[in-house]
Amino acid sequence: MGAGRRMKRKQGPPEPLSEEHFARLKRKAGLPVEPVVESTKPLKKRKTAKKQTSRSQNDKKLRRVGIDFQPEHISTGDSQSDQDDELVSDTPNKLGDDFLGSDESVVDSDDETEQKKGRFVFSDDEDESDMEEQLTAANIEGLSTKLDLQLEEDREAANAEVQESALQTNLDDDRPKVLGAQGDVEEDSENAPSAELAPDLQLLRQRITDIVRVLGDFSNLAERGRSRADYTAQLLADICAYYNYSPYLAEKLYNLFTPREAFAFFEANEAPRPIVIRTNTLRTHRRDLAQALINRGVTLEPVGKWSKVGLQVFESSIPLGATPEYLAGHYILQAASSFLPVMALSPQPNERVLDMAAAPGGKTTHCAALMKNTGIIVANDPNKARAKGLIGNIHRLGAKNVIVCSYDAREFPRVMGGFDRVLLDAPCSGTGVISKDPSVKTNKTEKDFMTLPHTQKQLLLSAIDSVNHSGSGGYIVYSTCSVTVEENEQVVAYALSRRPNVRLVDTELPFGKEGFTSYMGKNFDPSLKLTRRYYPHTYNVDGFFVAKFQKTGPTVVTPRNGDSKEANYVARADTVSALVHDTSDTDGAAEADDFADFDEDEDREYMDRAKKSAMRRRGLDPKSLRKK
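Residues numbered from 1 in each chain as written. Predicted model: local features only at pLDDT ≥ 70, side-chain atom pairs only at ≥ 80, totals over all residues. Heavy atoms only, no water.

Per an unreviewed UniProt entry, the protein chain goes by Nucleolar protein 2 and derives from [Torrubiella] hemipterigena. What the UniProt record of the protein chain gives under Subcellular location (unreviewed entry) is the line "Nucleus, Nucleolus". Comment text from UniProt for the protein chain, heading Sequence similarities (unreviewed entry), reads "Belongs to the class I-like SAM-binding methyltransferase superfamily. RsmB/NOP family." (UniProt positions renumbered as here; feature names shortened; annotations may be inferred.)

Next comes the structure, spelled out in structure tokens:
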């Protein structure tokens, strides 16, 4: 039974390789070829019927499309077999019987592999002893010289590459292009409030960083045709969008620093300041307090060499405002920058000290600790609600030499005077404590920076008038938690111009930046270098300003616009100061001078007014005094 139709379609066994095939391979490899013995077996013709059928079908398809195809270059199966016959007949040389072994040019596969291994060195097969034998005393010097030359060439190439890259940064094409087309900054600033989509914070931060870098090296990195004002306007717009500042406050704070330092200031305001506690030396020592808190699971360390009572807390497993040590008055939570005004004031035992804005009591109790509960401290705060917290801290910390009152500090020369030292931590805008109160970014306007400095000037003049210039005292410390010039240097310069009997002295603080002597075209007294500024990005404390005055003589005030009230108040304050500190008359006889007489009628009027107020508070009728 013959093969069926399906068996004919299957591929048969491959044709055996002939000697002609090996001859062709040797010719390609460039090896000598021996004469080939003619084969007696006729060569089988390849079956190309299927190929011919497919080619005829392709010709029919082409004719349908309209292409007359002439397959002149296509050979049929017969022609292919003819070519194979011609190829065999054209080869006169034959391979001998010893094809695989007689000729030396023919290499066995195993021998070839061994030769390749000899040509190529592998790390696993490398023989260390052979390599050591190659390094002899004759050639080691030459090899080392060759290696040195190669290293020198590599070094020169690296230096050339670095210089080329440095030169490329100065080209216009490599300058950072952070600004769009002309006028884009104005359009962005106008459309920013009405934008519905949130800004891309990553893009804003990258652009802020690029602009700061350009402004740091403007001549080399700025784009052609762009001014510094264009970059500054774009930077301020990005700062307002990224950090949520009002445009007015962002510009005011930006003008205080260089662009790079301003960026660091805005960035520092986003992170909270470290938690700091002040040891109450009236009840314990810092070493004992630290050991007690460490035993309770608090991680802390001294705040710095500049303070002997501060401890910085890193981690606490318990609330610091509810520990037994806190309730016993061993410490108080207080910012590190609040230590600085009291350190500058340096109150001494048995002195009379006035704290004009005392609440919540951190600075007052610090003064009491430095005075060792001697002398007198008058702690004043105009807000009675805040005065309650002040009283609580005074009792908890054991300050026994403090008197609490609630007056408008601007009236204090009339109420009481003759103090040795006065501490004025004036109310301010809070631009130095933005990390604690982020609402400052948007709620401070130009009006605030006009009214607050006016109040601060009045308070500072009242503080100066309340101090006695004689004796060991006569010092006034003015401080704010603001970094603006309007609330700091301008207020100090105003006080120096209005009170020529005071001068600035060194604060004796171990660190801090000098105050401004010129700002935005305004020049101040050169002695303002003695003031100190503190920034969150520089010292990791709240933004602060400290100035220390010394009163050198009595205050002489020239009345303005015919108003003699100010002169009278100041004269009375100096009179009281002189009487309080005058101890030369041991016999009790009053000397005949200008300060010996008092106005009895004016005193009686004040006494009657005080009695009526007291009766009203008790619910009595003040008119009953007239009947008596």
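Read on, since the account is not over.
## Quick word on the packing of helix H12 (residues 247–254) against helix H13 (residues 259–268)
A pair of packed helices is characterised by two quantities: the angle between their axes and the separation of those axes. Contact geometry of H12 with H13 gives a least axis separation of 10 Å together with a crossing angle of 125°. Comparing the axis directions of H12 and H13 gives the class oblique. On H13, the residues that touch Ala250, Leu253 and Tyr254 of H12 are Pro259, Ala262, Phe265 and Phe266. Tallied by class, the residues present in the contact of H12 with H13 amount to 7 nonpolar, no polar and no charged. (Axes fitted to C-alpha atoms, helices over the stretch in contact; angles between N-to-C directions. Helix = DSSP H or I, 4+ residues; strand = E, 2+ residues; numbered from the N terminus. Parallel < 35°, antiparallel > 145°, perpendicular 65-115°, else oblique. Contact = heavy atoms within 4.5 Å. Nonpolar A, V, L, I, M, F, W, Y, C, P; charged D, E, K, R; others polar.)

## A look at the pairing of strand E7 (residues 402–405)
In terms of strand pairing, strand E6 (residues 376–380) meets E7 through 4 bridges, oriented parallel. For Asn380, the partnering residue across the bridge sits in E7 and is Cys405. (Pairing = 2+ DSSP bridges.)

## A closer look at the UniProt feature "binding site: S-adenosyl-L-methionine" (unreviewed entry) in the protein chain
As recorded in UniProt, the sites labelled "binding site: S-adenosyl-L-methionine" (unreviewed entry) are Ala357, Ala358, Ala359, Pro360, Gly361, Gly362, Lys363, Asp381, Asp408 and Asp425. Taking relative accessible area as the criterion, Lys363 reaches 13% and is therefore assigned buried. Topologically, Asp425 is positioned in strand E8 (residues 421–425). On the accessibility criterion, Asp425 (17% relative accessible area) is buried. Ignoring any residue separated from it by four or fewer positions in sequence, one finds Asp425 in contact with Ala357, Lys363, Ser479, Thr480 and Phe544. A polar atom in the side chain of Asp425 sits 2.9 Å from the side chain of Lys363. (Buried < 20%, exposed > 50% of the residue type's maximum accessible area, 1.4 Å probe, protein only. Polar contact = N/O pair within 3.5 Å; in protein donor to acceptor, adjacent residues only side chain to side chain.)

## Regarding the UniProt feature "active site" (unreviewed entry) in the protein chain
The feature "active site" (unreviewed entry), as given by UniProt, occupies Cys481 in the numbering adopted here. Among the structural elements, Cys481 can be located in the loop between strand E9 (475–480) and helix H22 (489–498). Setting aside residues no more than four positions away along its own chain, Cys481 makes contact with Cys428, Gly430, Thr431, Gly432, Val433, Gly543 and Phe544.

## Details of the packing of aromatic side chains
The tally for this structure, following the rule as stated, stands at 17 aromatic pairs. With 4.8 Å between their ring centres and 85° between their planes, Tyr242 and Tyr243 make a pair best called edge-to-face. The exposure class of Tyr242 is partly exposed, given its relative accessible area of 23%. Under the relative-accessibility criterion, Tyr243 is labelled buried at 2%. Relative to Tyr519, the ring of Phe516 lies with its centre 6.0 Å away and its plane at 45°, an arrangement referred to as tilted. (Phe/Tyr/Trp six-rings, centres within 6.5 Å; stacked < 30°, edge-to-face > 60°.)

## Structural notes on the pairing of strand E5 (residues 352–355)
Bridge count between E5 and E6: 4 bridges; the pairing is parallel. Of the residues in E6, the one forming a bridge with Arg352 is Ile376. Where E5 meets E8, 3 bridges bridge the pair, whose relative direction is parallel. The residue bridging Asp355 from the neighbouring strand is Leu423, located in E8.

## What to know about helix H11 (residues 228–243)
In an α-helix, one turn spans 3.6 residues; hence positions three or four apart end up facing the same way. When the terminal C-alpha atoms of H11 are compared, their 22 Å separation across 16 residues agrees well with the 22 Å that a helix rising 1.5 Å per residue should span. All of the buried residues in H11 are Tyr231, Thr232, Gln234, Leu235, Leu236, Asp238, Ile239, Cys240 and Tyr243. Asn244 occupies a position one or two residues after H11 and carries a positive phi of about 65°. (Expected span 1.5 Å × (residues − 1).)

## Looking at the sheet that holds strand E1 (residues 275–279)
Spatially, 4 strands are ordered E2-E3-E1-E4 in an open sheet, and the strand pairing comes out antiparallel. Sheet topology places strand E2 (298–302) and strand E4 (331–333) at the edges, where each strand pairs with a single neighbour. Mean inter-strand twist for the sheet, computed between neighbouring axes without regard to direction, equals 35°. Sheet strands in contact with helix H14 (residues 286–295) are E1, E2, strand E3 (310–316) and E4, and its direction is about 155° off that of E2. Where helix H18 (residues 384–397) meets the sheet, its contacts fall on E1 and E4, and the angle it forms with E4 comes to roughly 150°.

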